[in-house]
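What follows is each chain in one-letter form.
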Amino acid sequence: MRHFGHISSVARAGLFHREPCRFDSGSPAPVLSTALGATLYSPATRPRLADDILKQVARGVVSMVLCLEDSIDDGDVGAAEANLVRQLTDLHERGSEPPLLFVRVREPGQIPDLTRRLGPALRLLSGFVLPKFTEKRGAPFLEALTEAEADPRSAERLGGRPLYAMPVLESPELLHLETRADALAGIARCVSAHRDRVLALRLGVTDFCSAYGLRRSPDMTAYDVQIVAHVIADVVNVLGRADGTGFTVTGPVWEYFRLHERMFKPMLRRSPFMEGSADALRTALIEHDMDGLLREIELDRANGLLGKTCIHPSHVQPVHALSVVSHEEYSDARDILHPERNGGGVMRSAYTNKMNEVKPHRAWAERTLRRAEVFGVAQADVGFVELLAAGLEVR
């Protein structure tokens, strides 16, 4: 699979200076954690789940979570598990190549149980999403994942590749100020002990808001809710460092996808959009509350997050379009990491609009080139609007 692989090769050639690379579930963990992009959640109760997965692949989705936790009723867990096994078995028997698939479980015991019940269809699974993750609650999940993978039948079906974990950081201990530091330190100890298995850390902002009876409107991003913004900052501070100890931390979910009455002006400027069809695209984005989503995606990256949890297919292409590295970013990153610059120094950018300081900007440049590998580099005259429009044309 590859990002923008759902559009034609001719269209890709016109959009990209450097096209996104191909990857699969056996690719190295740094590639996969960067490539997650917009991770689309779906309840495991959906009766045509196998068809739904293939439909989303055709629309450009590269990672999905099949949920057995909060998205389904407590009384439906058994039926959801049975449906999940049945649908993935069907998908496996078709010989289809799905996106990166993860199952969000409720309890540790579900992990070895599901890996056994899936049989040969286990090869379709990339890992598990672990809810309400803390040091105390998370360790049994990770131990269960190690146990499941150690089963000789599982190892054979997986072909030697690991099953990854994606812990969700959403517990009250992490939110409350008096327990946050200890909770973060405990989570850091736990995930560091299982570094090779933890693919990414996901933020459960809906649960954070719930603890205080809050819900942000479509006119506001997660960063406008200060109690949430402070938690995000602290999570990145402890768990997202660029010194080799950090992990990929993904952006929070955007809850809105239909028209709501607006209180504030749209956040999407007109100037990046051309007249005609692109102007119509801007109008459609605003009408469906996508301008707030676009702003939040930009703020995610500015605050050290990569990728995003999505609950609606319409959110996927905006996330991916804004994840593509611009030609200017690529040029700066390449200049900063040029072998002749190992001794440091400062230079004017090739675009002559900023200072590139080699040592302070090195970590940014390395992260940018990893993103360029999986999302590609846009042509010099191609921006977000063209990338988004191309991705939406095939829907």
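Residues numbered from 1 in each chain as written. Predicted model: local features only at pLDDT ≥ 70, side-chain atom pairs only at ≥ 80, totals over all residues. Heavy atoms only, no water.

Participant: What is the right way to read the pairing of strand E6 (residues 164–169) from this model?
Facilitator: Among the six residues of E6, six are classified as buried, and the element is accordingly described as predominantly covered. Of the two faces of E6, the one holding Tyr164, Met166 and Val168 and the one holding Ala165, Pro167 and Leu169 are both buried throughout. As judged from the four bridges shared by strand E5 (residues 125–130) and E6, these two strands associate in the parallel manner. Opposite Phe128, over in E6, you have Ala165 as the bridge partner. Looking at chain direction, E6 and strand E7 (residues 201–203) are connected through two bridges and run parallel. If you follow Val168 over to E7, its bridge partner there is Arg202. (Buried < 20%, exposed > 50% of the residue type's maximum accessible area, 1.4 Å probe, protein only. Helix = DSSP H or I, 4+ residues; strand = E, 2+ residues; numbered from the N terminus. Pairing = 2+ DSSP bridges.)

Participant: Can you walk me through the pattern of salt bridges in this structure?
Facilitator: Side-chain pairs of opposite charge can arise where the charged atoms are in close proximity. For the structure on display, the rule yields 29 salt bridges. The partner of Glu19 in a salt bridge is Arg2, with the nearest N and O atoms 3.3 Å apart. Here the residue Glu19 occupies a position in the loop between strand E1 (16–18) and helix H2 (29–35), and Arg2 occupies one in the segment before helix H1 (9–15), the gap between them amounting to 17 residues. When its relative accessible area of 29% is taken as the criterion, Glu19 is described as partly exposed. Salt bridges linked by common partners bring Glu69, Asp70, Arg104, Lys132, Glu170 and Asp207 together as one network. (Salt bridge = Lys/Arg side-chain N within 4 Å of Asp/Glu carboxyl O.)

Participant: Help me understand helix H4 (residues 77–94) in this model?
Facilitator: Because each turn of an α-helix spans 3.6 residues, side chains separated by three or four positions in sequence point in the same direction. Relative to the 26 Å expected for 18 residues at 1.5 Å per residue, H4 spans 26 Å between its end C-alpha atoms, a close match to the ideal helical length. If you check which residues of H4 are buried, you get Val77, Ala80, Glu81, Asn83, Leu84, Val85, Gln87, Leu88 and Leu91. For H4, the secondary structure elements touched by its buried residues are helix H3 (49–58), strand E3 (63–67), strand E4 (100–104), helix H5 (110–118) and E5. Looking one or two residues beyond H4, the residue adopting positive phi is Gly95, at roughly 75 degrees. (Expected span 1.5 Å × (residues − 1). Contact = heavy atoms within 4.5 Å.)

Participant: Sorry, what's going on with unusual backbone geometry here?
Facilitator: Note: most peptide bonds trans; most residues except glycine with negative phi. For Lys132, which is not glycine, the phi torsion reads 50 degrees and is therefore positive. Here Lys132 is to be found in the loop between E5 and helix H6 (135–150). For Lys132, a relative accessible area of 24% gives the class partly exposed. Despite not being glycine, Thr352 has its phi angle at roughly 55 degrees, a positive value. Among the structural elements, Thr352 can be located in the loop between strand E10 (346–348) and strand E11 (355–357).

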